[in-house]
Amino acid sequence: MVQGSRGSEVELPEQRGGRSDGPVQGDGASGQPATAGGDAGRSTRDVNRLAEPPRRGTGAHETPRGMTVGVITPYLDGSFWNPVLTGIHEAARQHGCRMLVMRGTAASLKAPSLAREQVDGWIVVIGVDGIERLAAERVPLVVVGTHVHKGDCPSVIPDNHSGIRGAVRHLLGHGHRRIAFVGCFHESDVRERFDAYRETLAEAGIPLDPELVIRTDDNWYTGGENAAPRLIALRNACTAAVFGTDKNAIGMMPSLKAAGVRIPEELAIVGFDDVPEAQTSDPPLTTVRQQFEMLGSAACELVVSMLSGETALPELVLTPNTLIPRISCGCDVVQSFLDEDAASGEHGGGDLDRRMVELLLAPRPLPPETPPAAVWPGVALVIEAYEAAIEGAAPPPAKALERAYKQAVDISSDIGTLMAIVRLLRRSHERRRERLGGDAASAQRVEAFLDGAHLSIARARLSVEAEFVAQLGMLVRSNHDVGLALVSGSQEESMSLSWLARTSATWACLALREDAETLVVAGAYSRDGSATPPIGSRHRLEAFPPEHLLPPAAASGALMMMLLPIRTERRDWGVVALMGPTLRELAGDEGTVGVWASLLAAALERGELVQSLSAKNAELQMAYASERTLSETVRELGCPLIPLLPGVLLVPLIGALDRDRALQVLTAVVEGVGRHEARFVLLDITGVPAVDAQVAHALGQTSRAVALLGARLFLVGVRPELARSLVDVELGSLATYSSLAGALHELTTGGLRPGGARRRAARIA
């Protein structure tokens, strides 16, 4: 039963696919169903009795189609997110609705723009950023996991209040009066749990002690680990602690034990959630069990109700929970059950099957009207084998017994509980012998049967672990193959989605953003040959994925349909539509699908970067070639060789002269003398602003090199300021002229002809 705070109760369908919790839920203190409080005489509404799911067509002549429930969730994996999605999917299938999961928040997905024309009602899981836009669409909207007042929509949350009340009352029943509370107050759920903790203490006449309230950084293991020193410092001030989440409790327990705190002898601990690790922690953690699948199914039921035209809906729907006592609070449930069974004086017989099922369900009772076989179908076969051993009759087939024991493991995976089944059978036989007697042969047969049952149950339990390990191995191999294909393949291969053949996905389509409103199909995949959108086809954001091209199995809701954003920090690439069975069946692990999306985004970005680098490299090659050509041109322009007269070269220089350029001049002049068969070289430095000692030395080298070729070098354009800078520079036999005009005058009058040239001072004074 799910409670609505506006005074209506919602009957929920039997949960499937989740933890085998039995048919009843309670607050853990009394075993009675948890309630949320409200007015007496509330009206009852049963969404299990809804009419056939409505069919929609937006126009009078349009063909109606099945309804689609859109789910927006920031995460796909984890002990909370995946069961919630599983619950939604199962409820949607029961109503013949499709389920479309979008990874992100309403704000990040720009919802409801994406798939607006596909979705008839929305479910938002915890991440409510941008929910106002969804609410403005005036279509059914339900929030799961948190209570929001904006958007004016129903919220489905756990019954935090009654869960913590049951936990605190349980500790009070153990005699604890100094009870601490540990949790992250950033979360609304934890704040509600703290309020219930405070109220329950007040009801017991215990005032709140602020020193016993310990705030953690988050709801995870690290939050509990980081807060451990504060609780350790209070070890003499409290004898018990209630944690806002199991992960806080499990994260803190190693630190408590390392500090010498004995659990539960010195400190009893109760958590909240019943995550899988709670059963295997040391010691096993007492906790308030939530049925996360029920959160999802309740939300889906509300959406379907609204789609059927129902409007009187509760503002808040609470899902029940149950206290699961384990060793951390001082309870040994199995031993207590066996002790109670022994004290009851029950004799073996007709109720043995019921006690065996109750043991598997403990501490939850089996309702009197529920037959044991409804919970454990194979229990009758086990009783038959037990009776056959007593009577010496032929036992049932061994394979059938193995299946019966496997069913027991599916109900309770706790090895202590499973072994207690054998203890219960042995005790029943001992009672029977006390009452009726029996021969040694019968006792021997029963012992052999019990030994075999012990071994078979152990094997069945081990097979579960072996299957889990095998699944992990397959997951690792699949992830390796997919990762390798995406990381090492080309961008075209990544976009083709051919790598999905390594998974159990049945249909997929990758669409990249062309602009803010248009998606272009870049890749498609179909395992069974179903139609896929043509590559290059364009689709409006609101109409993606194209409904008429979805595989036939999508219409029944049997497949889970997901829209995964393909994003990196640099770019929003688009979205991949993916279809397959449940997340765990699809990928082996629900978080893997998100990894695929991240790897695909990285592969696309890598491909773009490779293309960009290739283009940049080509540009650099072209720039290098241009620069080289320009350098050669500059070199030619920087030291032009002008044949002025036969046998006479003019080399006019403009701009600053440094050592490198002076060497360039040396090379050019030497090559020019040989090429033009020059006998005189007029090196005009009129346009050179300054000449230092290094440059003068290089010019002297040029003069000597020219002389070795049988020609002479004359320095032309030596102005007064240059002359002053060259006073102390040794120029050797280098002759100079103050101007090109003077050099040309002497050249034309014959003063520079061989034998008639007037020598100038070798040193400027």
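Residues numbered from 1 in each chain as written. Predicted model: local features only at pLDDT ≥ 70, side-chain atom pairs only at ≥ 80, totals over all residues. Heavy atoms only, no water.

Tallied over the full model, the rule gives 24 salt bridges. E387 is the salt-bridge partner of R432, the closest N and O atoms lying 3.3 Å from each other. Placement of the pair is R432 in helix α14 (residues 415-436) and E387 in helix α12 (residues 379-391), with a sequence separation of 45 residues. A residue is classified by how much of its surface remains accessible, and R432, at 18% relative accessible area, is buried. Salt-bridge contacts for R538 lead to E514; the nearest nitrogen and oxygen are separated by 2.7 Å. One end of the pair, R538, is in strand β18 (residues 538-540); the other, E514, is in the loop between β16 (507-513) and β17 (518-526), with 24 residues separating them in the sequence. (Salt bridge = Lys/Arg side-chain N within 4 Å of Asp/Glu carboxyl O. Helix = DSSP H or I, 4+ residues; strand = E, 2+ residues; numbered from the N terminus. Buried < 20%, exposed > 50% of the residue type's maximum accessible area, 1.4 Å probe, protein only.)

Another aspect to go through is the sheet that holds strand β23 (residues 680-687). Spatially, the 5 strands line up as an open sheet ordered β21-β22-β23-β24-β25, and their pairing is mixed. Looking along the sheet, the strands with just one partner apiece sit at the ends: β21 (642-645) and β25 (735-737). Here the average twist between neighbouring strands, direction ignored, is 30°. Two strands pair when backbone bridges link them, and strand β22 (residues 648-654) and β23 are joined in this way by 6 bridges, in the parallel orientation. What sits directly across from I654, in β23, is G687. (Pairing = 2+ DSSP bridges. Axes fitted to C-alpha atoms, helices over the stretch in contact; angles between N-to-C directions.)

Once that is clear, we can look at a nonpolar patch on the surface. Where nonpolar side chains cluster on the molecular surface, the patch consists of F468, V469 and L472 and spans about 270 Å² of accessible area. Given the relative accessible area of 38%, L472 is considered partly exposed. (Patch = residues over 30% accessible without salt bridge, like charges linked within 9 Å, V, L, I, M, F, W, Y side chains within 5 Å. Areas by Shrake-Rupley, 256 points an atom, 1.4 Å probe, with all protein chains shown as cover.)

All right, on to the side chain of R193 then. Among the secondary structure elements, R193 is positioned in helix α4 (residues 188-203). For R193, a relative accessible area of 3% translates into the label buried. A distance of 2.7 Å separates polar atoms of two side chains, one belonging to R193 and the other to N160. Those residues in contact with R193 that sit more than four places away from it in its chain are P158, N160, I164, F181, G244, T245, F272, D273 and Q290. (Polar contact = N/O pair within 3.5 Å; in protein donor to acceptor, adjacent residues only side chain to side chain. Contact = heavy atoms within 4.5 Å.)

Another aspect to go through is the nonpolar core. Ranked by size, the top nonpolar core spans 57 residues in total, and within it V71, I123, W499, L500, I566 and L578 carry the most contacts. Broken down by element, the residue count for this core peaks at 10 residues, all from helix α8 (residues 292-307). Every residue in contact with L500, bar those within four places of it in the chain, is listed here: A505, A508, Y525, R527, L578 and W596. With 47 residues, the next largest nonpolar core counts A167, I250, M253 and V261 among its residues. (Core = buried A, V, L, I, M, F, W, Y, C linked by side-chain atoms within 4.5 Å.)

Glancing now at the environment of I179. Relative to the elements of secondary structure, I179 occurs in strand β9 (residues 179-183). With relative accessibility at 1%, the residue I179 sits in the buried group. For the pair I179 and A241, spaced 62 residues apart in sequence, the C-alpha to C-alpha distance is 5.2 Å. Contacts of I179, omitting those with residues within four sequence positions, involve V168, L171, L172, Y197, L201, L212, A240, A241 and V242.

As a further point, take the state of the cysteines. Applying the stated criterion across every chain yields a total of 0 disulfides. Left unpaired, C300 is separated from the closest cysteine sulfur, that of C97, by 6.1 Å. (Disulfide = S-S within 2.5 Å.)

Right, let's talk about the environment of L744 for a bit. With respect to the helices, strands and loops of the structure, L744 is situated in helix α22 (residues 740-749). As a C-alpha pair, L744 and L644 span 100 residues in sequence and 9.8 Å in three-dimensional space.

Right, let's get into the packing of aromatic side chains. For the structure shown, the criterion picks out 12 aromatic pairs. When the ring of F181 is compared with that of F194, the centres are 5.4 Å apart and the planes differ by 65°; the resulting orientation is edge-to-face. Of this pair, F181 sits in strand β9 while F194 sits in helix α4, and the two are 13 residues apart along the sequence. Summarising the burial analysis for this pair, F181 and F194 share the class buried. For the pair Y386 and F449, a centre-to-centre distance of 6.3 Å together with 45° between the ring planes defines the contact as tilted. Residue Y386 is found in helix α12, and its partner F449 is found in helix α15 (residues 440-488); the two are separated by 63 residues along the sequence. Among the residues examined, Y386 registers a relative accessible area of 2% and is labelled buried. The class for F449 is buried, based on a relative accessible area of 11%. Here the aromatic cluster, defined as three or more aromatic residues joined through ring pairs, consists of Y75, F80, W81 and F292. We note R215 situated over the ring of F185; from NZ or CZ to the ring centre the distance is 4.1 Å. (Phe/Tyr/Trp six-rings, centres within 6.5 Å; stacked < 30°, edge-to-face > 60°. Lys NZ or Arg CZ within 6 Å of the ring centre and 35° of its normal.)

Attention now moves to unusual backbone geometry. Look at the link from I263 to P264: it is a cis peptide, with omega at 10°. Its place among the elements puts P264 in the loop between α6 (246-258) and β12 (268-273). Residues F544 and P545 are joined by a peptide bond in cis, for which omega reads 0°. A positive phi is found at R138, a non-glycine position, where the angle reads about 60°. Structurally, R138 is set in the loop between α2 (131-136) and β7 (141-144). One non-glycine residue, D274, lies in positive phi territory at about 60°. Tracing the backbone through its elements, the reader meets D274 in the loop between β12 and α7 (277-280).

Below, the discussion takes up the packing of helix α3 (residues 160-173) against α4. The N-to-C vectors of α3 and α4 enclose an angle of 45°; their axes lie 8 Å apart at closest approach. As summarised for this structure, α3 and α4 are arranged oblique, according to the angle between their axes. As α3 runs across α4, the sense of the crossing is right-handed. Residues N160, H161, I164, R165, V168 and R169 of α3 touch α4, and the partners they reach there are D189, E192, R193, A196, Y197, E199, T200, L201 and E203. (Parallel < 35°, antiparallel > 145°, perpendicular 65-115°, else oblique. Left-handed = near helix turned anticlockwise from the far one by under 90°.)

Take the confidence of the model for the protein chain next. For the protein chain, the average pLDDT comes to 80, and 85% of its residues sit at 70 or higher. Confidence drops under pLDDT 50 across residues 1-64; counting only partners more than four residues distant or on other chains, this segment forms 152 contacts. Low confidence marks residues 754-765, where pLDDT is under 50. Its contacts with residues over four positions away, or in another chain, come to 21 contacts. (pLDDT = per-residue confidence, 0-100.)

Glancing now at the pairing of strand β4 (residues 68-73). With respect to burial, β4 is a largely interior element, 6 of its 6 residues being buried. Alternating residues of β4 divide into T68, G70 and I72 and V69, V71 and T73, and every residue in both groups is buried. Pairing of β4 with strand β5 (residues 98-103) involves 6 bridges; the strand directions are parallel. Looking at β5, one finds that I72 is bridged to M102. In this region the chain leaves β4, passes through helix α1 (residues 81-94) and returns to the parallel neighbour β5; the handedness of that crossover is right-handed. Judged from the 4 bridges that link them, β4 and strand β6 (residues 121-125) form a sheet pairing that is parallel. When the bridges of β6 are listed, V69 appears paired with G121. (Right-handed = clockwise from strand over helix to strand, strands pointing away.)

Within the open sheet, the 6 strands sit side by side as β10-β9-β11-β12-β13-β15. Their pairing is mixed. The sheet is open, and its two borders are formed by β10 (213-215) and β15 (321-324), each paired with just one other strand. Going from strand to strand, the sheet's axes swing by 15° on average, the running direction of each strand aside. Sheet topology note: the β9/β10 ladder contains 3 bridges and is parallel. The partner of V182 across the bridge, within β10, is I214. The strands touched by α6 within the sheet are β9, β11 (240-243), β12 and β13 (286-290), with β12 carrying the most contacts at an inclination of about 150°.

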